[in-house]
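# A structural walkthrough
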Amino acid sequence: MAEENKYVVIIAAGKGRKMVSKEKEHSKVSYPILGRPIVKYVIDAVKKLNPKEIVTVVGFGGEATSEIVKKDTKVVWQDELVGTAKAVLAAKDELGNKKGKTILIYGDMPLITSESLEKLYKKSVKSGDDLTLLSAIIENPKDYPRVVRDPKSRKILKIVAENEVDESESEITEVNTGVYVVDNQLLFKYLDQVQPNDKGKYYLSDIVELFAKDGHQVGSYILEDATEIYSVSNRVQLAQAAKVMHKRINKKIMAAGVSMEDPDSTFISPNVKIGTDTIILPNTMIIGECHIGEGNRIGPSVRLTHVDVGKNNSIVESYITGGTIGNGNKIGPYVNLKDHDIGNNEVVGPFINIEDKK
């Protein structure tokens, strides 16, 4: 059997009022974690599934979000911010008539992994589900929507929001993450049937009940690591997500042959590349698009931003932005370089400030 076409819709239109910013058009998904916007983590995850097309729905702060995602995805606008069902419906002109399966995911979920999304998708294909939702089991489900199942058949009946659960539903520990794999043509058929709640909002999760009532097969894949469901709605959650991502990134880098004397005080962007036998000392940040070769000694107290570094360099107590560093150099302490290239076997510092010179 030929593989079905695979599509992705990233929902990134929400206002994010709880971020409390004076920048009125600062979209929630554009806030950075370790130098990378939240929504880029989601894009990185879904791209590994090799979808035929990715569509990002933008709205509030849409110009900022569009600028971040436009190289990787198509962009559509949700003109009226009246709920997540209407957000996905904004992608109808792009995807509405296409056959295949569509992954629906929120742009504020930086901890979701491609591995979990791949398992969700494979479960949907193998089971022949018309809709497969990603769920998680958590001890304290407060604030999360519950997955309601038939007590005998265990079939999924609906999703109930936290503020609408009754006494029995409040005890359910299986929660909905808001990530789905859906038959694409059925998706847009049922989005048109979603009704507004008492606040005039149209919620995507209502399609689960519509599918189930009409006899369509609704399944689930339960996450193995519930931390992946974490979404960012305020700055406390932003910091908490950053803490998890920080540990993930450092663990991956160390497993590839890089030493860190103090991982807790070492902060590295997810797209940084570091060669084996490099040693990173405490209080070091390596942010943005950095490529670092083998056998370097970096730190303590170094910040590198968008820098290419060769091999066997020593960089101490320095702040370097842009430019390239060759091999066998000794840099620092107290060196500030901006967009400056250094060759091989040079000594730079102490107390050097060079900006915008090449």
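Refer to the structure above for everything that follows.
Residues numbered from 1 in each chain as written. Predicted model: local features only at pLDDT ≥ 70, side-chain atom pairs only at ≥ 80, totals over all residues. Heavy atoms only, no water.

### Brief notes about the sheet that holds strand β14 (residues 273–274)
Counted only if it meets this: Should DSSP find at least two bridges between two strands, the strands are taken to pair. Strands are runs of DSSP state E lasting at least 2 residues, helices are runs of H or I lasting at least 4, and numbering of each runs from the N terminus.
Pairing in this open sheet of four strands is parallel, and the strands run β14-β17-β20-β23 from one edge to the other. Two strands lie at the open edges of the sheet, namely β14 and β23 (324–325), each paired on one side alone. Pairing of strand β20 (residues 308–309) with β23 involves two bridges; the strand directions are parallel. Note on β23: the bridge partner recorded for Val309 is Ile325.

### Observations concerning helix α5 (residues 114–127)
Note the threshold: For a helix, the expected span equals 1.5 Å multiplied by the residue count minus one. Three labels apply to residues, based on accessible area from a 1.4 Å probe with only protein chains included: buried if under 20% of the type maximum, exposed if over 50%, partly exposed otherwise in between. Throughout, the arc means that of the directions going from the helix axis to the C-beta atoms. Whether two residues are in contact is decided by their heavy atoms: any pair within 4.5 Å suffices.
Here α5 is 14 residues long and its end C-alpha atoms lie 20 Å apart, about the 20 Å a rise of 1.5 Å per residue gives. Regarding α5, the residues found buried are Ser114, Ser116, Leu117, Leu120, Tyr121 and Ser124. End-on view of α5: buried residues confined to an arc of 165°, all on one side of the axis. Looking at α5, the residues exposed on the side facing more than 90 degrees away from the buried face are Glu115, Lys122 and Lys126. Buried residues along α5 sit against β1 (6–12), α1 (38–47), β6 (101–106), β7 (131–137), β10 (174–183) and β11 (218–222). Gly128, located one to two residues past α5, shows a positive phi value of around 70°.

### A few points about the pairing of β1
Where burial is concerned, most of β1 is hidden: seven out of the seven residues are buried. Neither face of β1 is open: one carries Lys6, Val8, Ile10 and Ala12, the other Tyr7, Val9 and Ile11, and all of them are buried. Of the pairings in the sheet, the one linking β1 to β6 comprises six bridges and is parallel in character. Within the sheet, the bridge partner assigned to Tyr7 lies in β6 and is Thr102.

### So, the packing of aromatic side chains
Formally: In summary, the pairing rule links any two rings of Phe, Tyr or Trp, Trp by its six-membered ring, whose centres are within 6.5 Å, and it sorts them by plane angle into stacked for under 30 degrees, edge-to-face for over 60 and tilted for everything else. Two thresholds decide whether a charge sits over a ring: the Lys NZ or Arg CZ must be within 6 Å of the ring centre and within 35 degrees of the ring normal.
If you walk through the whole model with that rule in mind, you get two aromatic pairs. Centroid distance Tyr190 to Phe211: 4.8 Å. Interplanar angle 45°. Geometry classified as tilted. Highlighted residues: Tyr190 in helix α6 (residues 184–191) and Phe211 in helix α7 (residues 206–213), separated in sequence by 21 residues. Since its relative accessible area comes to 1%, Tyr190 is described here as buried. Note on Tyr334 and Phe351: the rings are 5.1 Å apart at their centroids and 20° apart in plane angle, and the pair reads as stacked. In this pair, Tyr334 is assigned in the loop between β24 (330–331) and β25 (335–338) and Phe351 in the loop between β26 (347–348) and β27 (352–355), connecting sequence segments 17 residues apart. Judged by relative accessible area, which is 47%, Tyr334 ranks as partly exposed. We note Lys6 situated over the ring of Tyr121; from NZ or CZ to the ring centre the distance is 4.5 Å. Note that Lys86 overlies the ring of Tyr202, its terminal NZ or CZ placed 4.5 Å from the centroid.

### Things to note about the nonpolar core
Definition in use: Here, nonpolar core refers to any group of buried Ala, Val, Leu, Ile, Met, Phe, Trp, Tyr and Cys residues whose side-chain atoms link them within 4.5 Å.
Ile10, Ile105, Leu131, Leu191 and Leu204 are the most contacted members of the largest nonpolar core, which has 61 residues in total. Of the residues forming this core, the biggest block, six residues, is contributed by β1. Discounting chain neighbours no more than four positions away, the residues touching Ile10 are Val39, Val42, Ile43, Val46, Ile54, Val55, Thr56, Val57, Ile105, Tyr106 and Gly107.

### Digging into the pattern of salt bridges
Rules: For this document, the term salt bridge refers to a Lys or Arg side-chain nitrogen within 4 Å of an Asp or Glu carboxyl oxygen.
Considering all chains together, one arrives at 16 salt bridges under this definition. One salt bridge connects Lys47 with Asp72, and the closest N-O pair in it is separated by 2.9 Å. One end of the pair, Lys47, is in helix α1; the other, Asp72, is in the loop between α2 (62–69) and β5 (74–77), and 25 residues separate them in sequence. Look at Lys47 and you get partly exposed, because its relative accessible area is 38%. Of the residues examined, Asp72 reaches a relative accessible area of 23% and is grouped as partly exposed. For Glu224, the salt bridge goes to Lys119, with nearest N and O atoms at 3.0 Å. Residue Glu224 is located in the loop between β11 and α8 (235–255), and its partner Lys119 is located in helix α5; the two are separated by 105 residues in the primary sequence. According to the relative accessible area criterion, Lys119 is partly exposed, its value standing at 36%. One salt-bridge network, held together by shared partners, links Glu53, Lys74, Glu94 and Lys98.

### Focus on the sheet that holds strand β21 (residues 314–315)
Strand order in the open sheet formed by six strands is β12-β15-β18-β21-β24-β26, and the pairing between neighbours is parallel. Looking at which strands have only one partner, the edges of the open sheet turn out to be β12 (259–260) and β26. Relative to β26, β24 runs parallel, the two sharing two bridges. From the neighbouring strand, Lys330 faces β26, where its bridge partner is Val347.

### A word on α8
Defined as follows: In protein, a polar contact requires one atom able to donate a hydrogen and another able to accept it; more generally it is a pair of N or O atoms within 3.5 Å, and residues adjacent in sequence count only if both atoms are side-chain atoms.
For α8, spanning 21 residues, the distance from its first C-alpha to its last is 30 Å, which sits close to the expected 30 Å at 1.5 Å a residue. The elements touched by buried residues of α8 are β2 (32–33), α1, β12, β13 (266–268) and β14. For α8, the capping residue at the N-terminal end is Asn234, with a side-chain oxygen 3.1 Å from the backbone nitrogen of Val236. Downstream of α8 by a residue or two, Gly257 has a phi angle that is positive, lying close to 100°.

Geometric descriptors of this kind do not, in isolation, establish any biological role.
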